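# Survey of secondary and tertiary structure
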Amino acid sequence: QEVSLGYVTPFFCVAMASADQLREVVDRLNAEPFNMQLSLVSFDEKQPLELMEVLNGVLIYLDSDKHKVDLRDETPDAMYHRIGEFLHVVGYRCSYDLEFQQGLVTGSKQVVYPILLWLLQNLQQLKKRAYLAKYCVTFEVPEEFLKDDEMATLFNHYRELQATFKATHSHLEQQVHHSVTPGELKREIQQLDAEKEQLVHKIGAFKQKTANQPGFDELLQVTSALRKQQEEDARISERIREQRMQLDQVEQLHMMTRERYAELIAAQNSEDSSAESMLRHLRNDVGRSRDTLTRLQRDAEEKQKRVMQLDEMLKLPTVTQSDIQRLESDVGAVHDQIAQLERTKAENDTTDSRLTIYKQQVNLVAKKKELAEADLKKAETERETLAAELTQKEKEYEGMKGHKFLNRDEFKQYVNQVREKTQQFKLMKQELSDIRMELHVLDRSAQILQKNDAIVNSHMNEVERSKGIEGYQDTEQEIQDVSAQKAEVDKTKGSYLDQISKTVTDINAQLKDKKATLAPQIKKLRTCRQRFQPVETQYMERREAYQSTKLALDDRLKRLLDEVESLQGDVAVHDQQFHVTQIQSLAVQAQLARAAKEQRCANNEEKWSADFQSLSQLYTSEMQTMEQVSKELRKQRQQVQENHDHHLAQKHMFKELEELISCKLKVAEKEAQSMRQSAEDFRAGYHGTAGVDRFVVSDDH
């Protein structure tokens with residue numbers, strides 16, 4: 001089950017995180033579900049071990065079963081293997097080289113910060129992928145162990161369970177994706193209610209309009225029958241269309257099957273019916289199946305997008321007749337504006353013809369621009385297609401090969417191999433230079449010999465002509481060439497036979513080694529099977545006994561629980577009835593006691609209170625008192641109603657009087673302040689006469 005992630009390309013595994021990225025990491029660590037209460041300074045000052053503990057905490061949230069370990073007790077190689085394998089499984093993109101390994105083991109910020117940012121940005125998607133990886137990542141079993149029947153059966157059962165889990169999870173995802181929320185259901189119900197009201201209103205108006213028309217019922221029956229027949233015709237047409245589509249699919253499948261059958265027959269009857277040809281045919285079938293799967297996935301995605309668009313359209317509010325009329329009026333107004341603009345444009349074109357040349361140039365430039373944009377879109381489409389193919393090939397390669405994580409010993413061994421190969425390369429390079437020098441000398445010698453050979457050949461031809469055996473040298477040379485070719489063929493044939501015999505010997509030796517290696521394990525397995533059979537029999541017997549006993553006890557316990565629950569319900573009902581009856585009894589007893597006391601007071605056997613003989617007299621007195629109070633209140637209300645206008649006018653007069661007095665007070669205060677200011681100004685001017693020192697006695701002091 002693939003989970004699509006919005007990949008954020010990590011800000012390279014060796015680059016330091018920026019301030020914004022660091023702030024985002026701190027904010028996400030302070031939020032749910034971590035709540036670490038960190039600041040930028042405290043997070044940046046963390047030691048490598050503390051930083052690795054933070055990273056391990058995030059990994060524990062994603063997969064607690066695998067990462068819940070103590071980092072102090074874990075070795076660096078084990079820690080790198082655990083974290084690196086998990087990052088590779090969840091799809092973290094990095095080089096996984098020696099520098100990355102050392103940075104992760106030592107808790108380097110340059111390596112840990114990008115990992116934290118990527119994990120926190122895709123937290124929920126990675127949690128889901130980590131959950132699926134526990135069940136969907138195939139556990140690899142060596143081929144030699146699958147030769148055992150029981151082991152092969154268990155592995156096949158494991159693969160079947162894995163496929164069942166994938167199918168179940170996909171079905172669950174589809175159900176969750178297509179489920180409707182209560183809010184959407186409420187909106188849909190409201191929309192249906194509005195449509196229902198509109199329909200009821202229209203039906204009522206239509207009935208009122210056609211109530212007095214003769215023959216309308218017969219016309220309604222005929223139209224209803226016609227509508228039903230049209231719906232039936234539409235259903236039949238849809239069914240015919242579906243059956244034709246199914247027939248086309250079946251015919252295509254039949255043709256493909258026949259072609260496949262013909263290819264298999266031709267492959268079996270051909271001389272080249274080897275395992276390689278069968279494998280080639282199977283690869284071609286796999287390629288065709290992948291193309292078909294890609295096409296079907298693309299069609300499914302397009303249909304899914306169309307369904308989502310239709311869902312969005314259905315979620316829109318209902319369009320009423322008033323909305324339609326308003327939109328039609330808006331469209332009419334827009335058309336009028338367009339007509340007005342076209343008339344204005346025509347007038348401008350007729351009045352000003354000097355712009356025609358420039359308009360033609362503009363049109364040409366616009367066409368060129370459109371062509372360039374079309375070419376650009378085409379190039380972008382090709383680039384996206386090639387990028388998608390490249391990404392798919394990379395995923396296929398990673399799925400087949402995967403990444404190999406080197407520990408320190410393996411890396412040292414790799415470095416030693418590189419050094420040996422470098423030394424060997426230098427030696428081979430020196431040998432190559434020597435061989436080239438020798439080849440240069442040999443080429444010069446060959447040129448000299450060829451010149452001499454031409455002279456010797458001309459002399460030999462003259463001798464052959466003089467002796468009457470012309471062409472003898474060429475014939476002898478051809479015989480020597482044929483002999484040399486025959487010797488070379490014999491040598492090649494011998495080497496091929498030696499290689500074949502060596503290969504057969506190696507295969508036999510490997511088979512013997514495999515048999516010798518597996519022989520003790522097979523013996524142990526047989527012994528384990530023999531010991532396992534009685535244990536399994538005993539286990540099954542005890543399991544059946546346990547299950548039968550458990551079922552009986554569960555049945556009995558269920559009956560007892562049902563009986564106890566029923567009795568508890570009866571007890572609660574009776575208890576409630578008892579309390580209700582008791583309360584009613586107390587109320588009746590109180591009423592009876594009060595009635596008996598009233599009877600005794602009426603018979604003058606006792607008094608109800610010190611002031612009244614009986615309860616009726618008390619009630620009569622209270623009623624008279626309330627009537628007297630009511631009369632007093634009525635009188636007061638009448639007085640208030642009669643004097644209300646007079647009192648209201650008096651209140652207004654007092655308010656105006658208060659405003660008048662406050663105004664006079666403010667005026668008097670202002671006059672007093674102005675008089676004090678004048679006196680101060682006068683004293684200041686009299687005291688400040690130049691050249692004379694005077695002592696002034698003020699009345700204020």
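Residues numbered from 1 in each chain as written. Predicted model: local features only at pLDDT ≥ 70, side-chain atom pairs only at ≥ 80, totals over all residues. Heavy atoms only, no water.

## Re the overall build of the protein chain
Note the cut-off: By the criteria applied, helices consist of DSSP H or I runs no shorter than four residues and strands consist of E runs no shorter than two, each listed in order from the N terminus. Type-normalised accessible area, obtained with a 1.4 Å probe on protein chains alone, sets the label of each residue: buried when under 20%, exposed when over 50%, and partly exposed for intermediate values. Residue contacts follow a heavy-atom distance rule, with two residues in contact if any of their heavy atoms lie within 4.5 Å. Residue-level accessible areas treat just the shown protein chains as cover; the underlying method is Shrake-Rupley with a 1.4 Å probe.
Looking only at helices and strands, the protein chain has 17 helices and zero strands in total. Counting across all 701 residues of the protein chain, residues that qualify as buried make up 12%. Within the protein chain, contacts between residues separated by at least 24 positions form 59% of all contacts whose residues are at least 6 apart in sequence. Carbon and sulfur atoms make up 57% of the accessible area of the protein chain, which amounts to about 58,400 Å² in all.

## Focus on helix H3 (residues 48-62)
For clarity, the threshold we go by: Residue count minus one, scaled by 1.5 Å, sets the expected span of a helix.
With 15 residues, H3 should cover 21 Å at 1.5 Å per step; its first-to-last C-alpha distance of 21 Å lies within 8% of that length. Buried within H3 we find Leu 51, Met 52, Val 54, Leu 55, Asn 56, Val 58, Leu 59 and Leu 62.

## Examining the pattern of salt bridges
To be explicit about the condition: In the sections that follow, a salt bridge refers to a side-chain nitrogen of Lys or Arg positioned within 4 Å of a carboxyl oxygen of Asp or Glu.
Inspection of every chain in the model, using the stated rule, returns twelve salt bridges. The shortest N-O distance in the salt bridge between Lys 109 and Asp 44 comes to 3.7 Å. Taken as a pair, Lys 109 in helix H7 (residues 109-121) and Asp 44 in helix H2 (residues 40-44) lie far apart in primary sequence, 65 residues in all. Through salt bridges with shared partners, a single ionic network connects Glu 53, Asp 70 and Arg 72.

## A look at the packing of aromatic side chains
Rule in force here: Here is the rule: rings of Phe, Tyr and Trp (six-membered ring for Trp) pair when centre to centre is within 6.5 Å. Planes less than 30 degrees apart are stacked, more than 60 are edge-to-face, and the remainder are tilted.
Inspection of every chain in the model, using the stated rule, returns six aromatic pairs. Between Tyr 131 and Phe 165, the aromatic rings sit 6.2 Å apart at their centres with planes inclined by 65°, giving edge-to-face as the arrangement. Residue Tyr 131 is located in helix H8 (residues 123-136), and its partner Phe 165 is located in helix H9 (residues 149-178); the two are separated by 34 residues in the primary sequence.

## Looking at the nonpolar core
Going by this rule: For our purposes a nonpolar core is just a set of buried Ala, Val, Leu, Ile, Met, Phe, Trp, Tyr and Cys residues, chained together by side-chain atoms within 4.5 Å.
Core analysis: the biggest nonpolar cluster contains 39 residues, and Phe 43, Phe 100 and Leu 119 have the highest contact counts within it. For this core, the element with the most residues is H7, which contributes nine residues. Apart from residues no more than four positions distant in its own chain, Phe 43 is found in contact with Leu 22, Val 25, Val 26, Leu 29, Leu 38, Leu 51, Val 54, Tyr 113 and Leu 116.

## A look at a positive patch on the surface
For clarity, the cut-off: Patch construction takes residues with relative accessible area above 30% that form no salt bridge. Like charges are linked within 9 Å, and nonpolar side chains (Val, Leu, Ile, Met, Phe, Trp, Tyr) are linked within 5 Å. His is not counted here, nor are the chain ends, while Lys and Arg score as positive and Asp and Glu score as negative. By convention, the point assigned to a charge is CZ for Arg, NZ for Lys, CD for Glu and CG for Asp.
Taken together, Lys 631, Arg 634, Lys 635 and Arg 637 make up a surface patch of like positive charges. Turning to its location among the elements, Lys 631 is positioned in helix H17 (residues 615-687). Since its relative accessible area comes to 49%, Lys 631 is described here as partly exposed.

## A word on unusual backbone geometry
For the bond running from Glu 32 to Pro 33, omega is 5°, close enough to zero to count as cis. The residue Asn 35 is not glycine, and still its phi comes out positive at about 55°. Its location among the elements puts Asn 35 in the loop between helix H1 (19-30) and H2. A relative accessible area of 35% means that Asn 35 is categorised as partly exposed.

## Section: the side chain of Gln 162
Structurally, Gln 162 can be placed in helix H9. A residue is classified by how much of its surface remains accessible, and Gln 162, at 5% relative accessible area, is buried. If we ignore the near neighbours within four places in the chain, the residues touching Gln 162 are Tyr 135, Cys 136, Val 137 and Thr 138.

## Examining helix H5 (residues 76-90)
Between the first and last C-alpha of H5 there are 21 Å, a value that for 15 residues agrees with the 21 Å anticipated at 1.5 Å per step. The set of residues buried in H5 consists of Met 79, Tyr 80, Arg 82, Ile 83, Gly 84, Phe 86, Leu 87 and Val 90. Lining the buried residues of H5 we find H3, helix H4 (64-67), helix H6 (98-106), H7 and H8. The first or second residue beyond H5 is Gly 91, which carries a positive phi of 95°.

## Side note on a nonpolar patch on the surface
There is a patch of nonpolar side chains on the surface, built from Tyr 496, Leu 497, Ile 500 and Val 504 and spanning about 410 Å² of accessible area. Accessibility expressed as a relative area gives 53% for Leu 497, which makes it exposed.

## Observations concerning the packing of H1 against H7
The condition is simple: Axis definition: a line fitted to C-alpha atoms, over the contacting stretch in the case of helices. Angles run 0 to 180 degrees between N-to-C directions. By the definition adopted for this analysis, an angle is roughly parallel if under 35 degrees, roughly antiparallel if over 145, roughly perpendicular if from 65 to 115, and oblique otherwise. In this scheme the handedness of a crossing depends on how the near helix is turned from the far one: anticlockwise by less than a right angle means left-handed, clockwise means right-handed. Asp, Glu, Lys and Arg are counted as charged, while Ala, Val, Leu, Ile, Met, Phe, Trp, Tyr, Cys and Pro are counted as nonpolar; the rest, among them Gly, fall into the polar class.
Where H1 contacts H7, the two axes come as close as 10 Å, and the packing angle between them is 55°. It follows that H1 is oblique to H7 by the angle criterion. Considering only the axes of H1 and H7, their crossing is left-handed. Residue-level contacts link Gln 21, Leu 22, Glu 24, Val 25, Arg 28 and Leu 29 of H1 to Tyr 113, Leu 116, Leu 117, Leu 120 and Gln 121 of H7. The class makeup of the residues in the contact of H1 with H7 is seven nonpolar, two polar and two charged.

## Let's talk about the confidence of the model for the protein chain
This is how the line gets drawn: A residue's pLDDT is the confidence the predictor assigns to it, expressed on a 0 to 100 scale.
Confidence along the protein chain averages 78 in pLDDT terms, with 84% of residues attaining 70 or more. Note on residues 402-406: pLDDT is under 50 here. Beyond four places in sequence and across chains, it has twelve contacts. Within the model, the stretch residues 686-701 combines pLDDT values under 50 with six contacts to residues more than four positions away or in other chains.

## Some points on the side chain of His 67
Here His 67 lies in helix H4. The residues touching His 67, leaving out its near neighbours within four places in the chain, are Asn 56, Leu 59, Ile 60, Arg 82 and Phe 86.

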